[in-house]
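Architecture at a glance
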Amino acid sequence: MSNSRRTQQWRDITIPRRPLLWLAAALLFTLPALLGTLASWVPFLFLFALLLKFWMEPRGYRLRSTSLKLILTALTLGAIFLSYDTLKGIEPAVSLLAVLVSLKILEAHTAREFQVMVMMAWVLCLCGFLLSQDLAIAFCLFVAFALLIAALVQFHRGSSPGAFWLPLATTLKLLAQAAPVVVLLFLLFPRINTGFQFRIGDLHAAMTGFSDRLSPGGIARLANSSDIAFRAEFPDRRTGPAGPKYWRGLVMWHCEGMEWRAPYAPASISDSFRQYPASDKAIRQRITIAPHGARWMFALDRPFGIPSGAMLARGNYLYSVQPIRKSRRYEVLSSTDPVEKELNAYERRQALQLPASISPAVRELAASLAAQNSEPRATVKSALQFFRTQGFRYSLSPGEYNKNDLEEFLFRRRTGFCEHYAASFATLMRLAGIPARVVVGYLGGEYNDLGGFFLVRQADTHAWCEVWIPENGWTRIDPTSVVAPGRASLDLSSFLASRVASGEMATGRSAFLTRLARLALVNQIRFIWEALNYQWDTRVLGFDADVQDVLLTSLGLTNGGPFPLVMQVLIVIAALLIIYAGWMQLRTRPRADRIQALYERYCQKLARIGVQRDPWEGPSDFAKRAAQSFPNASEYVRQITETYIALRYAPGPAAIGLDKFAKKINAFTAHR
């Protein structure tokens, strides 16, 4: 076999280095989508295979043995089954795809297999978006998608000379041309019932801890969680009402000392028993809640306007008819005043129910609080004074309590988080004969001035009490506020930061990270990113069928069903493509006409000075006669002719060549 044939065969069975680099860069950008959702070994295997490929490729190594491939496949299938206890579901399926891509990277050595890898990587990008629709993940996947196009462009360019970044420029041009059609399809293509935001997998396993059961330490575990619970806007007043913002979630009636529980099946409040406050007391909110798989919804204390798909449960809190499995946006009205003025016999019994395991010391404490003054307000005031003056401390790590440790908390340790104070205070009120219940929701939230919304995180989960005051109805009492003054006016992160700054609390983070988090520039960047995330969630992922109907109505289009809308979209796209094709034709045609017009002008000049072109004579023959007639300008004539032939007959003439040609013609006709 000759050296040329060996070289050609080597080229046929190897992947060029530049396309492989573009492919590797694209695969690296798919990793963020895999890291947070799949078993940890899957993305690391993926990265290891990618690095190993760059070691193997220059040495001509690859995964050749069929038996070894089958063994590796069987081992990875077993590992996936052990990681997820099943091979069904989106996460095992994506894990399997990532593993197959890893093996294909080690095996691939031909041009055909390179294109197969690109196709598999595109499918991996789609699967990554199924795993997470976060803005950062979506950006990484878009970059991966673009780099895969660049890899194909570089692959088809072969070994032609040019800058390394030329394929990226071609990719950007292709994406810019496709962008109008993509936007049009996004806005007008019919949707069944949802937008692009959805959650696939076990939502209950991904929940961060908010529950219908209040246990000691349950809320404290959320103090360091940065997960978003919901975002809230106030359309009528940008920053919302003044004062603390208590976001009502669940009302708990069943008491077991330090542990409380909400009803398993909340009962809806009948319209005949609902009371509506005056319009000037109503606060309108627009809330975008993150998917959590349960049915609780949130609103500013106390809601009375019910959004669609929800009910107002006994205790005045919102409860969704269907589990919230995707991001949900709704409007709700709340009142700053209590909306219930009467307590029926059933609710009174529920609000005074007590467990049997209350110690005598706790009962004596409750009796002493009520003995000073039997009036409910005075009893409440005495109980708050007890928490304020008896050395109680607010702590994120109060230690372990169980539901029967009420005496331990009140008389000995006296250290707890909001759930400890809410549960113990409500229990004391019931022992004193005052109807009481526990409310769990969120307190505060960080205001984003750029986006005009409050960001409420899981760390802002809070518990407080409500007691029945005959002349006022259910009245909110937050015993945590007397132990930790300032908590009600700040979100938890800001409150903890202020206590760390004052030396009242230690932080586990380094001093450098603490100072860095307080920098104005860092906070500004964070606010910008959160505002972009909010717009992404509401404008893009939240663009569902209802929003599309509103858009179509505003554009004067009627949504008569999916089929007519699809036909309208196809007609509009066809019209756009025809316009684009016509524009491209007009864009390229004048260039050829201009070239010919300049050359005709050049020929006319030569004719005037003595060299007439025959109709059958080609440009080269004509140039030879002109050069013989004007020996001093022979080089100039040759350059003009060569440039004309290159521009007129070569594919894809460059605009810069046309400009130079025009300058040469103008210079020749001006001086001859």
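Please refer to the structure placed before this passage.
In what follows, the accompanying structure is described. (Residues numbered from 1 in each chain as written. Predicted model: local features only at pLDDT ≥ 70, side-chain atom pairs only at ≥ 80, totals over all residues. Heavy atoms only, no water.)

1. As for the overall build of the protein chain
Each helix and strand in the protein chain was counted, giving 23 helices and 18 strands. Burial status across the protein chain gives 45% buried among its 672 residues. Sequence-distant contacts, at least 24 apart, represent 72% of the contacts inside the protein chain between residues at least 6 apart. (Helix = DSSP H or I, 4+ residues; strand = E, 2+ residues; numbered from the N terminus. Buried < 20%, exposed > 50% of the residue type's maximum accessible area, 1.4 Å probe, protein only. Contact = heavy atoms within 4.5 Å.)

2. What to know about the pairing of strand S14 (residues 436–443)
Within S14, eight of the eight residues are buried, which leaves it mostly tucked inside the rest of the structure. Bridge count between strand S3 (residues 246–252) and S14: six bridges; the pairing is antiparallel. Considered in S14, the bridge of Arg 248 is made with Gly 441. Taken together, the seven bridges between S14 and strand S17 (residues 461–469) define a ladder with antiparallel strand orientation. Bridging across to S17, Tyr 442 finds its partner in Thr 461. (Pairing = 2+ DSSP bridges.)

3. Details of the pattern of salt bridges
Scanning all chains against the criterion turns up 20 salt bridges. Arg 412 is paired through a salt bridge with Glu 407; the nearest N and O atoms lie 3.9 Å apart. Looking at Arg 412, the relative accessible area reads 51%, which means it is exposed. We classify Glu 407 as partly exposed; its relative accessible area is 25%. One network of salt bridges, with partners in common, ties together Arg 248, Asp 301, Arg 302, Arg 437, Glu 466 and Arg 476. (Salt bridge = Lys/Arg side-chain N within 4 Å of Asp/Glu carboxyl O.)

4. Some details on the sheet that holds S14
Overall, antiparallel pairing links the five strands, which are arranged S7-S3-S14-S17-S18 in an open sheet. Whereas interior strands pair on both sides, the edge strands pair on one side only; in this sheet they are strand S7 (299–300) and strand S18 (473–477). One ladder, built from two bridges, connects S3 with S7; its direction is antiparallel. Bridging across to S7, Trp 247 finds its partner in Leu 300.

5. As for helix H18 (residues 520–541)
For H18, built from 22 residues, the straight-helix expectation of 32 Å at 1.5 Å per residue is met to within 8% by its first-to-last C-alpha distance of 30 Å. Taken as a whole, H18 has its buried residues at Phe 527, Glu 530, Ala 531, Asn 533, Tyr 534, Trp 536, Asp 537, Thr 538 and Leu 541. (Expected span 1.5 Å × (residues − 1).)

6. Regarding the sheet that holds strand S2 (residues 228–233)
One open sheet accounts for six strands, arranged S8-S11-S6-S2-S16-S15; its pairing is antiparallel. Looking at which strands have only one partner, the edges of the open sheet turn out to be strand S8 (303–305) and strand S15 (446–448). Averaged over all pairs of adjacent strands, the angle between their axes in this sheet comes to 40°, without regard to strand direction. As judged from the three bridges shared by S15 and strand S16 (residues 453–457), these two strands associate in the antiparallel manner. Of the residues in S16, the one forming a bridge with Asn 448 is Phe 453. Those strands touched by H18 are S2, strand S6 (282–289), strand S11 (328–335), S15 and S16, and its axis lies near 80° from that of S15. (Axes fitted to C-alpha atoms, helices over the stretch in contact; angles between N-to-C directions.)

7. Focus on unusual backbone geometry
Note the cis peptide between Asp 301 and Arg 302, where omega equals 5°. Structurally, Arg 302 is set in the loop between S7 and S8. We note that Asp 85 has phi near 65°; this positive angle belongs to a residue other than glycine. Mapped onto the elements of the fold, Asp 85 is located in the loop between helix H4 (66–84) and helix H5 (90–107). Taking relative accessible area as the criterion, Asp 85 reaches 63% and is therefore assigned exposed.

8. Section: the pairing of S2
Within S2, five of the six residues are buried, which leaves it mostly tucked inside the rest of the structure. Sheet analysis places S2 next to S16, joined by four bridges and oriented antiparallel. Note that in S16 the partner of Ile 228 across the bridge is Arg 457. One ladder, built from four bridges, connects S2 with S6; its direction is antiparallel. Note on S6: the bridge partner recorded for Ala 232 is Ile 287.

9. Here's the deal with a nonpolar patch on the surface
A contiguous nonpolar surface patch, about 400 Å² in accessible area, is contributed by Leu 77, Phe 81, Leu 82 and Leu 87. Inspection of the secondary structure puts Leu 77 in helix H4. (Patch = residues over 30% accessible without salt bridge, like charges linked within 9 Å, V, L, I, M, F, W, Y side chains within 5 Å. Areas by Shrake-Rupley, 256 points an atom, 1.4 Å probe, with all protein chains shown as cover.)

10. Some thoughts on the packing of aromatic side chains
For the structure shown, the criterion picks out 26 aromatic pairs. Judged by centre distance (5.6 Å) and plane angle (55°), the ring pair of Phe 392 and Phe 409 falls under tilted. Of the two residues, Phe 392 sits in the loop between helix H12 (376–389) and strand S12 (393–394) while Phe 409 sits in helix H13 (residues 406–413), which places them 17 residues apart along the sequence. As far as the burial class goes, Phe 392 and Phe 409 line up, both buried. Of the aromatic side chains, those joined through ring pairs into one cluster are Phe 230, Phe 234, Trp 247, Phe 298, Tyr 442, Tyr 447 and Phe 454. If you follow Arg 413 out to its NZ or CZ, it ends over the ring of Tyr 401, 3.9 Å from the centre. (Phe/Tyr/Trp six-rings, centres within 6.5 Å; stacked < 30°, edge-to-face > 60°. Lys NZ or Arg CZ within 6 Å of the ring centre and 35° of its normal.)

11. Topic: the state of the cysteines
Under the counting rule described, the total for this entry stands at zero disulfides. Considering cysteine sulfurs only, Cys 127 is the nearest to Cys 125, which forms no disulfide, with 9.3 Å between them. Given a relative accessible area of 7%, Cys 125 falls into the buried group. (Disulfide = S-S within 2.5 Å.)

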